[in-house]
Amino acid sequence: MHKTIYILLAILLLATLSACQLKNDDMSITIYTERHYDTDQLLYDTFTETTGIKVNLVRDEADKLITRLQNEGEDTEADLLIIADAGRLGRAKELELMKPITSETLDLQVPENYRDPERYWYGLTMRARVIVYHPDRVDSSELSTYEALTDAKWEGRIITRTSTNIYNQSLMSSFIELWGEDQALAWATGLANNFARDPEGNDRDQAKGIVAGTADLAIMNTYYIGRMLYSSDPNEVSVAQTIRVFFPNQETTGTHINVSGIGLVKYSEKTEYALKLMEFLTSESAQSSYANANFEYPVHPDVLPHELLLSWGTFIKQEIPLSVLSEHSSKATMLMNQAGWK
Ligand code: FE2
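None of these values were measured; they are calculated from a predicted model. (Residues numbered from 1 in each chain as written. Predicted model: local features only at pLDDT ≥ 70, side-chain atom pairs only at ≥ 80, totals over all residues. Heavy atoms only, no water.)

Novice: I would appreciate a short explanation of the pattern of salt bridges in the present structure.
Specialist: Should their charged atoms come close, side chains of opposite charge can pair. Across all of its chains, the model carries 25 salt bridges by this definition. One salt bridge in this structure joins Arg-88 and Glu-34, with 3.9 Å as the shortest N-O distance. Of the two residues, Arg-88 sits in helix α4 (residues 86–94) while Glu-34 sits in the loop between β1 (28–33) and α2 (38–51), which places them 54 residues apart along the sequence. A network of salt bridges, in which partner residues are shared, links Glu-34, Asp-63, Arg-88 and Arg-91. (Salt bridge = Lys/Arg side-chain N within 4 Å of Asp/Glu carboxyl O. Helix = DSSP H or I, 4+ residues; strand = E, 2+ residues; numbered from the N terminus.)

Novice: How should I be thinking about the coordination of the iron ion in this particular structure?
Specialist: Expected angles at a metal are 109.5 degrees for tetrahedral coordination by four donors and either 90 or 180 degrees for octahedral coordination by six donors. With distances of 2.0 to 2.1 Å, the protein atoms coordinating the iron ion are Tyr-167 (OH), Tyr-223 (OH) and Tyr-224 (OH). Spacing between the donor residues of the iron ion along the chain follows Y-x55-Y-Y. Of the two residues, Tyr-167 sits in helix α6 (residues 166–179) while Tyr-224 sits in helix α9 (residues 222–229), which places them 57 residues apart along the sequence. (Donors = N, O, S within 2.8 Å, 3.2 Å for Na, K, Ca; no water.)

Novice: Whenever I open this one, the nonpolar core confuses me. Can you help?
Specialist: The biggest cluster of nonpolar side chains holds 73 residues, and the ones touching the most others in it are Leu-80, Leu-81, Leu-277 and Leu-281. The element best represented in this core is helix α11 (residues 271–281), accounting for seven residues. For this core, the domains that each give at least three residues are domain 1 (2–126 + 258–307) and domain 2 (127–256 + 315–338). Val-138, Ile-176, Phe-195 and Ala-339 belong to the second largest nonpolar core, which has 28 residues in total. (Core = buried A, V, L, I, M, F, W, Y, C linked by side-chain atoms within 4.5 Å. Buried < 20%, exposed > 50% of the residue type's maximum accessible area, 1.4 Å probe, protein only. Domains from an automatic or database assignment.)

Novice: Whenever I open this one, unusual backbone geometry confuses me. Can you help?
Specialist: Excluding glycine, most residues fall at negative phi; most peptide bonds, likewise, are trans. Not every positive phi belongs to a glycine, and Asp-85 is a case in point at roughly 85 degrees. Its place among the elements puts Asp-85 in the loop between β3 (80–84) and α4. A relative accessible area of 1% places Asp-85 in the buried class. At Phe-295, a residue that is not glycine, the phi angle is positive and equals roughly 55 degrees. With respect to the helices and strands, Phe-295 occurs in the loop between α12 (284–292) and β10 (297–298).

Novice: Just to check I follow, could you spell out the packing of aromatic side chains for this structure?
Specialist: The geometry of two aromatic rings is summed up by the distance between their centres and the angle between their planes. Applying the stated criterion across every chain, the model contains 12 aromatic pairs. Judged by centre distance (5.6 Å) and plane angle (65 degrees), the rings of Tyr-297 and Phe-315 are edge-to-face. Highlighted residues: Tyr-297 in strand β10 and Phe-315 in the loop between α13 (307–311) and α14 (324–327), separated in sequence by 18 residues. Of the two residues, Tyr-297 and Phe-315, neither departs from the other in class, the shared state being buried. Clustering of aromatic rings is evident, with ring pairs tying together Tyr-146, Phe-175, Trp-179, Trp-187, Phe-195 and Trp-341. When the ring centre of Tyr-290 is taken as reference, the NZ or CZ atom of Arg-35 above it lies at 3.9 Å. In this structure, Lys-317 is placed above the aromatic ring of Phe-315, and the distance from its NZ or CZ to the ring centre is 5.4 Å. (Phe/Tyr/Trp six-rings, centres within 6.5 Å; stacked < 30°, edge-to-face > 60°. Lys NZ or Arg CZ within 6 Å of the ring centre and 35° of its normal.)

Structure (structure tokens):
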């Protein structure tokens, strides 16, 4: 009788041990991501085929994923976090949701200006926040810099989204870094004075507002133009065909850029697998389809962007470290409110 119990206990112990072993050897990683493109899935499938590592995706809005990671703490299933905007990536770092990771390959594939200096996150794709305009009402020769948008000639002719939006907060943060707080505040005040309406809607709505005649100029991210141009909605296609893109500050401080990026979750126990995927997504072969899925610029220095982006030509970029965008973000929000930018 006793012997049977011992045997049963031994079996139970072995089963528990092998279950633990299986958990540690579980060839999978989990990504919390705000991206939702079919082409991304194809890349993950290729990654799984070549490495045997399965990729589980949890998709949600960036801020919700950040909150979820905060709530889950060390119990999280997440190994990697993929979100847009260096301001948000910096916030995830400040909230201690990620840990640094280094590799020579990553350093080669992601240039210094597109990664966190302490390697808490790496850029995956790059976008520019440009001026778009209606060619019937504005001539490109009238455009020059973000600063010039405060000129009285643009009164009642500009639209952009609200100051609660991270893209505008990061844009403002870049000016705090370049010019200091006083000048950034003066710029935001001058811009808000020229608004054609109280800020509303997303970036696409600004482009639509230009074509609808609400305004002549807007500030928006480059990839939305591509997404509208290749949209299934004929109205979006027509709007994107009508508007024109202008890269401001080409003779001064460059056009404001930002990234979407990836970071290793602090409590991940799968550093090796996570690193493999980070290296894969930033590799020359993956970068082009990864960036093209959302009409973004690849971060890999040797990879060309989509032909639409190529047709706009190359442009001079702001040269500030992207990590400062999150450092200035609460000050940026405060100053934009002070400026009357709703
Ligand atoms: Fe966006």
